[in-house]
Amino acid sequence: MHNVLLIEDNPGDVRLIREMIAEDPDAPFNLHCAERLAQGLERLSAGGTGLVLLDLSLPDSFGLETFAKVYAHSPTVPIIVLTGNDDQTVALSAVKSGAQDYLIKGRLDRELLLRSMQYSIERKRYQVQLEHQANYDMLTGLPNRNLLHDRLHQALFMQRAPRAVAVVFIDLDHFKFVNDSLGHSMGDKLLKGMAERLRSVLRDGDTVARLGGDEFVLILNDQASEEVIFRAMQRITATLAEPIEIEGREMTLTCSAGISLYPQDGSDVDTLLKNADTAMYRAKEHGRSNFQFYTAEMNERVTERLAMENALRRAIERREFLLHFQQRVDLESGAIVGAEALVRWLHPEYGLVRPARFIPLAEETGLIVPIGEIVLHEACRQARAWLDEGLRPGVVSVNLSARQFRQEGLVRMVSRVLEETRLDPQHLELELTESMVMHNVEAAIATLQGLKSLGVALSVDDFGTGYSSLAYLRGLPIDKLKIDRSFVRDIGAGEEPQDGVLAQAIISLGHNLHLHVVAEGVETDAQVRFLKRHRCDEVQGFFYGEPVEPAAHAKLLVKARARKRA
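Below you will find a few notes about this structure.

So, how was this worked out
- Residues numbered from 1 in each chain as written.
- Predicted model: local features only at pLDDT ≥ 70, side-chain atom pairs only at ≥ 80, totals over all residues.
- Heavy atoms only, no water.
- Helix = DSSP H or I, 4+ residues; strand = E, 2+ residues; numbered from the N terminus.
- Rg over C-alpha atoms; globule rule 2.2 N^0.38 Å.
- Buried < 20%, exposed > 50% of the residue type's maximum accessible area, 1.4 Å probe, protein only.
- Contact = heavy atoms within 4.5 Å.
- Areas by Shrake-Rupley, 256 points an atom, 1.4 Å probe, with all protein chains shown as cover.
- Lys, Arg positive; Asp, Glu negative; His and termini not counted.
- Charge placed at Lys NZ, Arg CZ, Asp CG, Glu CD.
- 1 Å grid on protein atoms, 1.4 Å probe; cavity = no way out; pocket = protein on both sides within 12 Å on 5 of 7 lines; lining within 4 Å.
- Points joined across faces, edges and corners; volume = space filled by probe spheres on them.
- Nonpolar A, V, L, I, M, F, W, Y, C, P; charged D, E, K, R; others polar.
- Axes fitted to C-alpha atoms, helices over the stretch in contact; angles between N-to-C directions.
- Parallel < 35°, antiparallel > 145°, perpendicular 65-115°, else oblique.
- Salt bridge = Lys/Arg side-chain N within 4 Å of Asp/Glu carboxyl O.
- Pairing = 2+ DSSP bridges.

1. Regarding the overall build of the chain
- Scanning the chain from terminus to terminus reveals 22 helices and 23 strands.
- The C-alpha atoms of the chain give 36 Å as radius of gyration, which overshoots the globular expectation for 566 residues (24 Å, by more than 25%).
- In the chain, which comprises 566 residues, the proportion classed as buried is 48%.
- The contacts of the chain with a sequence gap of at least 6 include a subset with a gap of at least 24, amounting to 67%.
- Accessible area of the chain: about 28,300 Å², with a carbon and sulfur share of 50%.
- Positive and negative side-chain charges in the chain, numbering 65 and 81 respectively, have mean positions lying 6 Å apart.

2. Points about unusual backbone geometry
- Tyr262 connects to Pro263 through a cis peptide bond whose omega is 10 degrees.
- Mapped onto the elements of the fold, Pro263 is located in the loop between strand E13 (255-262) and helix H10 (269-285).
- Backbone geometry at Asp222 places phi at a positive 55 degrees, although glycine is not the residue there.
- Structurally, Asp222 is set in strand E10 (residues 215-223).
- By relative accessible area, Asp222 is classed as partly exposed at 23%.

3. Digging into the layout of surface pockets
- In this structure, the largest pocket encloses a volume near 860 Å³.
- Surrounding the largest pocket, 35 residues form its lining, Glu340, Leu342, Pro355, Asn399 and Asp461 being those nearest its centre.
- Within the residue set of the lining of the largest pocket, elements represented by two or more residues are strand E16 (336-347), helix H12 (355-365), helix H13 (368-388), strand E18 (395-399), helix H14 (402-406), strand E19 (428-433) and strand E20 (457-463).
- With five residues, E16 is the largest single contributor of residues to the lining of the largest pocket.
- By residue class, the composition of the lining of the largest pocket is 16 nonpolar, nine polar and ten charged.

4. Remarks on the side chain of Thr49
- Within the secondary structure, Thr49 is located in the loop between helix H2 (37-46) and strand E3 (51-55).
- Those residues within four positions of Thr49 in sequence are excluded, and the remaining contacts are Asn3, Leu5, Arg43, Leu44 and Val77.

5. Describing the packing of helix H7 (residues 175-182) against helix H8 (residues 184-201)
- It is at 6 Å that the axes of H7 and H8 come closest, and there the two elements cross at 140 degrees. When the axis of H7 is compared with that of H8, the two are oblique. Contacts between H7 and H8 involve Phe175, Val178, Asn179 and Leu182 on the former and, on the latter, His184, Met186, Gly187, Leu190 and Leu191.
- Here the contact of H7 with H8 is composed, by residue class, of six nonpolar, three polar and no charged.

6. Focus on the pattern of salt bridges
- Counted according to the given criterion, the structure contains 31 salt bridges.
- Across the salt bridge formed by Lys69 and Glu65, the nearest N and O atoms sit 3.1 Å from each other. On the criterion of helical spacing, the pair formed by Lys69 and Glu65 is a turn pair, its members being four residues apart in helix H3 (residues 64-73).
- For Lys69, a relative accessible area of 34% puts it in the partly exposed group.

7. Some words on empty space enclosed by the protein
- Throughout the structure, instances matching the rule amount to two cavities of 30 Å³ or more.
- What the largest cavity holds in volume is close to 50 Å³.
- Forming the walls of the largest cavity are Glu8, Asp13, Leu16, Ile17, Leu82, Lys105 and Leu108.
- Per element, the largest residue contribution to the lining of the largest cavity is three residues, and it comes from helix H1 (residues 11-23).
- Classifying every residue of the lining of the largest cavity by side-chain character gives four nonpolar, no polar and three charged.

8. Considerations on the pairing of E16
- With ten of twelve residues buried, E16 is to be regarded as a mostly interior element.
- By the bridge criterion, nine bridges tie strand E15 (residues 321-330) to E16 in an arrangement that is antiparallel. By the bridge assignment for E16, Val329 is matched with Ile336.
- Here E16 pairs with E18 via four bridges, running parallel. Of the residues in E18, the one forming a bridge with Ala341 is Val398.
- Relative to strand E17 (residues 351-353), E16 runs antiparallel, the two being bridged by three bridges. Pairing of Trp345 across the sheet is with Val353, part of E17.
- Hairpin connection of E16 to E17: three residues between the antiparallel strands.

Following this line, the structure appears as structure tokens:
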């Protein structure tokens, strides 16, 4: 049974058409009516309509525009235009624009109406089938080359600057060997599986098409940066490389991919596809199982980044990280009361790599989590070693990254490290930024309370650079505030009376909340005098010494012990 929607405002015509359909009890049509175009479109939106009988002259729409609105709303639903004797020219225009047929009301009879309705439904079904065959790959159901060109043209036309469109040409590595050795049936199933993986890994609005053979093309719309595209390609290629089971046989297939970007690598469809194809062949020349950007400069950046990421992974396995310690000094007594542990990477070729070069990449890739655990373990081990030597390291502080802080099992990990290194929790302080806490205050408080229950101290680093609610700050189970170095730098920087006012305000706020206040980045005598005058508790910075290796920091602790005995 076909649901037919009659959009007609003339009650007499509605009654006549209803009676014609009812005269044939075998007619597979169920009639619904709407008097206005707006009502008809609303019913079409509800779905289930198999045919529209459309009067072009309605109270809220007239002429060819009426058909255009219905066709634009539901292009897959067949439409028969109903017209008067004097509107045949408009009706023919509607047929040329996509209507299946037109009927003149004054010449309408039951046989003509029912035949036209049945014919229109069958013709539309056949038309949709032909259009699908013309635009979609028969094996995988993905868009084919024809539809890909259309989608890419639309993407370029609709693109909002300055975001880019990425065109990715993908070729499966050694697929011909699979096809030749295991047969075309197995090869076809493998292609279907890969097509489904590509479809599942893309966002809504992106396109994956099959050009034929083992060649696929992706259109990644609205890309914010090259970094985002790089990360997306890592995810896509990793997904394709996962083992896949076909007919009980597990196979692993990698891919080579080339990427061109609009507008820098081409301003039209053909150029972008050609350049992505060129980049894909470059990927094959680099040994397959990789992706290459078309632009040489971008390739260089991506290659360097990928090499750095791989080196970081090896560094974690080989424990290539070491710590330097920067002393923290009590302003009142001048005694060393602790040290901040700062990670360094001792690369076998590059030598000592400072955090600014690798920490952002570690954060983005998630490698900061295992690196953070290595740092925590080494800091606790070193503090325990100093204590065993009879030294007094005070409190060793370790920075927590945002990813670490949000990681499940953080409290258990800290507890395990303390147990393994036999370090009393009173010698450990964990530093976090205010933005980490304010990201999700309720969850942060629960994590902080768990850490506090272990007996470690907690401090908020870089205070004043983010956005904090003082109401929440008062309720956080923290012990210390660290004034960001940018506020310390203002102290004595000029002759203005407001120089240092923010540092002074943070000291006052911290003390009113019964918190210890630490100033970092202290470099001048003027800054020291200002901080002492305003009763800051602790300081650290180049004025007292830069971060040093554990052995050098131990010498400072030995000197401090000798001074105390003297």
